[in-house]
Amino acid sequence: MIAQRLAPFGTTIFTEMTLLANKHGAVNLAQGFPDFDGPSFFLDAAAEALQGGQNQYARMFGLPALNRALADRWQRATGAEIDPDAQVTVTSGCTEAIAAAMLGLVNPGDEVILFEPFYDSYRASVAMAGGVPRFVTLREPTGAPRDGLAAPGAFWFDPDELRRAFSDRTRLILINTPHNPTGKVFTREELTLAADLCTRNNAIALTDEVYEHLTYEPDQPHIRMATLPGMAERTLTLSSLGKTFSLTGWKIGWAIGTPDLTRAVRAAHQFLTFATATPLQAAAASALARTDDCDHAIGSLVADLKAARGLLAGALARLGFGVHIPAGAYFILADFTRRPGALRPDNVPDDAAFCRSLPAAAGVAAVPPSVFYQNRGLGAGLVRFAFCKRPATLHEAVRRLGVWATDRRADQ
Ligand code: GLN
């Protein structure tokens, strides 16, 4: 029954793996959601809004107080003053913002440049808009001091491959930084090259910055594409509350850009969801206005996540995985092909088979990264673990993986 546009995409891997994790009582390091609650001042604000009668439709493009709070945050982060009513659109999570941006900006046949591996909704959103995806590969670091324009040890792309991806049919390039699933934080040099190519080809930069605050290396800060020279005019910046405040279920996202770009997003947003849950918008507005509390909450989340990254990365390395240390976001990509039993009899790694067996075999769930690649083979030796979890959860996952690894060795 599924229409041709969407048939190729099946059921998202997050749904599949969370169902499998629940079925086997596995520790779920697959879908990226925290197993702890967001800051209490957000939760209290939500209860207050619900009880305070804020329960009818919000304004289509966002509750005025939330648009204002987001514009204020933007000004603090970038120094640029924006019009909250003409340049900010509140959406139902960043995933809706991505779909609304594609539907609002891309004509059938327009080309959209995506970096692979990509978050799974990107391709589906391009397809829903009738766009044609062009892929640029983020490659596994080889250990060379610096690959391409990337930070040392980071996934990297060949600048010529990016140049070749642009054409006079390019409508936009979607850049996700910090990047899911690689943990890469795009450098200023990388963004500058993309910015120059956008300008030269009259293309739009669409950025997914949901992990904007989750970076762990002081020398690899998050850089907003919209702050590069000339790019405020052609960048649509998307983000959300979910990752920054551990409120993924609130589904509060937004798009920030010029009035023209904003009109395009709203043209689609109004017919997708019309508006986003009013009490949660009201809560977000009043909580975001408490800027010191927000900064404090983010600081402590980043410290916790940095410790979680260390815990999981160290344990995976001891178990024999080849670990890529992420500079941002909350996922670790690990090469599992050196693990016993990782290869099929024909010597081919298969991350999907590995991840489908892991919940029952080890009591831990992870995501097979090949689903994030057009060229699936590039992800077939990798596995993605989420570390946005309490220390007790990670310790239990590590303990189970340790038992499983010992059993595997005994079986060999
Ligand atoms: N962004 C989350 C992840 O990558 C999942 C989002 C979702 O489940 N749709 O794990």
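Anything mentioned here points back to the structure above.
Cut-off values and rules
- Residues numbered from 1 in each chain as written.
- Predicted model: local features only at pLDDT ≥ 70, side-chain atom pairs only at ≥ 80, totals over all residues.
- Heavy atoms only, no water.
- Helix = DSSP H or I, 4+ residues; strand = E, 2+ residues; numbered from the N terminus.
- Buried < 20%, exposed > 50% of the residue type's maximum accessible area, 1.4 Å probe, protein only.
- Contact = heavy atoms within 4.5 Å.
- Salt bridge = Lys/Arg side-chain N within 4 Å of Asp/Glu carboxyl O.
- Expected span 1.5 Å × (residues − 1).
- Axes fitted to C-alpha atoms, helices over the stretch in contact; angles between N-to-C directions.
- Parallel < 35°, antiparallel > 145°, perpendicular 65-115°, else oblique.
- Left-handed = near helix turned anticlockwise from the far one by under 90°.
- Nonpolar A, V, L, I, M, F, W, Y, C, P; charged D, E, K, R; others polar.
- Near = heavy atom within 4 Å.
- Polar contact = N/O pair within 3.5 Å; in protein donor to acceptor, adjacent residues only side chain to side chain.
- Areas by Shrake-Rupley, 256 points an atom, 1.4 Å probe, with all protein chains shown as cover.
- Pairing = 2+ DSSP bridges.
- Core = buried A, V, L, I, M, F, W, Y, C linked by side-chain atoms within 4.5 Å.

Please provide a residue-by-residue account of the environment of Thr95, values included.
Following the sequence through the fold, Thr95 ends up in helix α5 (residues 93–105). Given a relative accessible area of 30%, Thr95 falls into the partly exposed group. Separated by 148 residues in sequence, Thr95 and Lys243 have C-alpha atoms that sit 13 Å apart. In this view, Thr95 contacts Tyr119, Ser121 and Lys251; residues no more than four positions away in its chain are not counted.

Before we move on, can you summarise the pattern of salt bridges with the specific residues and values?
Summed over the entire model, instances satisfying the criterion amount to 16 salt bridges. The salt bridge involving Arg68 is made with Asp72; its shortest N-O contact spans 3.2 Å. With Arg68 and Asp72 both in helix α3 (residues 64–78) and four residues apart, the pair spans about one turn of that helix. We classify Asp72 as partly exposed; its relative accessible area is 30%.

Got a sec to walk through helix α9 (residues 259–272)? Specific residues and values, please.
The end-to-end C-alpha distance of α9, which contains 14 residues, comes to 20 Å, matching closely the 20 Å that a straight helix rising 1.5 Å per residue would cover. Residues of α9 that are buried include every one of Leu261, Thr262, Ala264, Val265, Arg266, Ala268 and His269, and no others. Directly beyond the C-terminal end of α9, a positive phi value near 65° is found at Phe274.

Explain the packing of helix α1 (residues 13–24) against helix α12 (residues 351–362) to me, and be specific about the residues and the numbers.
With their axes 8 Å apart at the nearest point, α1 and α12 run at an angle of 20° to one another. Viewed along their axes, α1 and α12 adopt a mutual orientation that is roughly parallel. α1 and α12 meet at a crossing whose hand is right-handed. Residues Glu16, Met17, Leu20 and His24 of α1 lie in contact with α12, whose contacting residues are Cys355, Arg356, Pro359 and Ala360. For the contact of α1 with α12, the residue count by class is five nonpolar, one polar and two charged.

I'd love a proper account of the site of the ligand, names of residues and values included.
Every residue lining the ligand is accounted for by Phe14, Gln31, Gly32, Tyr119, Asn180, Tyr211, Lys243, Phe331 and Arg384. Tyr119 is positioned with one of its side-chain polar atoms (N or O) 3.1 Å from a nitrogen atom of the ligand. For the ligand, an oxygen atom lies 2.7 Å from a polar atom in the side chain of Arg384. Notes on the ligand: free accessible area 300 Å², of which the protein chains cover 80%. The residue inventory of the shell around the ligand, partitioned by class, reads four nonpolar, three polar and two charged.

Account for the environment of Phe33, with residues named and values stated.
In this fold, Phe33 is placed in the loop between β1 (27–28) and α2 (40–51). Relative accessible area serves as the criterion here: at 27%, Phe33 is assigned to the partly exposed category. C-alpha of Phe33 to C-alpha of Leu236: the two residues are 203 residues apart in sequence and 25 Å apart in space. Residues in contact with Phe33, not counting those within four places in the same chain, are Asn28, Thr248, Cys388 and Lys389.

Any details on the environment of Ala194? Residues and values, ideally.
Inspection of the secondary structure puts Ala194 in helix α8 (residues 188–200). Linking Ala194 and Ile173, residues 21 residues apart in sequence, is a C-alpha distance of 8.3 Å. Apart from the residues within four sequence positions on either side, Ala194 is in contact with Leu162, Phe166, Ile175 and Met225.

Could you give me a rundown of the sheet that holds strand β10 (residues 331–335), with the residues and numbers involved?
Across the sheet, three strands lie side by side as β9-β10-β12; this open sheet has antiparallel pairing. Bordering the open sheet on either side are β9 (322–324) and β12 (382–386), each of which pairs with just one other strand. Strand-to-strand twist of the sheet, defined as the mean angle between neighbouring strand axes without regard to direction, takes the value 30°. Relative to β12, β10 runs antiparallel, the two sharing five bridges. Within β12, the residue paired with Ile332 across the bridge is Phe385. Helix α11 (residues 291–318) rests against β9, β10 and β12 of the sheet, and its axis sits at about 10° to β10.

Can you break down the nonpolar core residue by residue, with the values?
Formed by 106 residues in total, the largest nonpolar core has its most connected members in Phe42, Leu241, Phe321 and Phe385. When residues in this core are grouped by element, the largest group, ten residues, is from α11. Those residues in contact with Leu241, other than ones at most four positions away along the chain, are Phe42, Ser246, Leu247, Trp250, Ile252, Trp254, Ala284 and Leu288. By size, the runner-up hydrophobic cluster in this structure holds 27 residues, among which are Phe166, Leu193, Met225 and Tyr373.

How would you summarise α5 if you had to cite specific residues and measurements?
Here α5 is 13 residues long and its end C-alpha atoms lie 18 Å apart, about the 18 Å a rise of 1.5 Å per residue gives. The element α5 is extensively covered by neighbouring structure, given that ten of its 13 residues are classed as buried. For α5, the full list of buried residues reads Gly93, Cys94, Glu96, Ala97, Ile98, Ala99, Ala100, Ala101, Met102 and Leu105.

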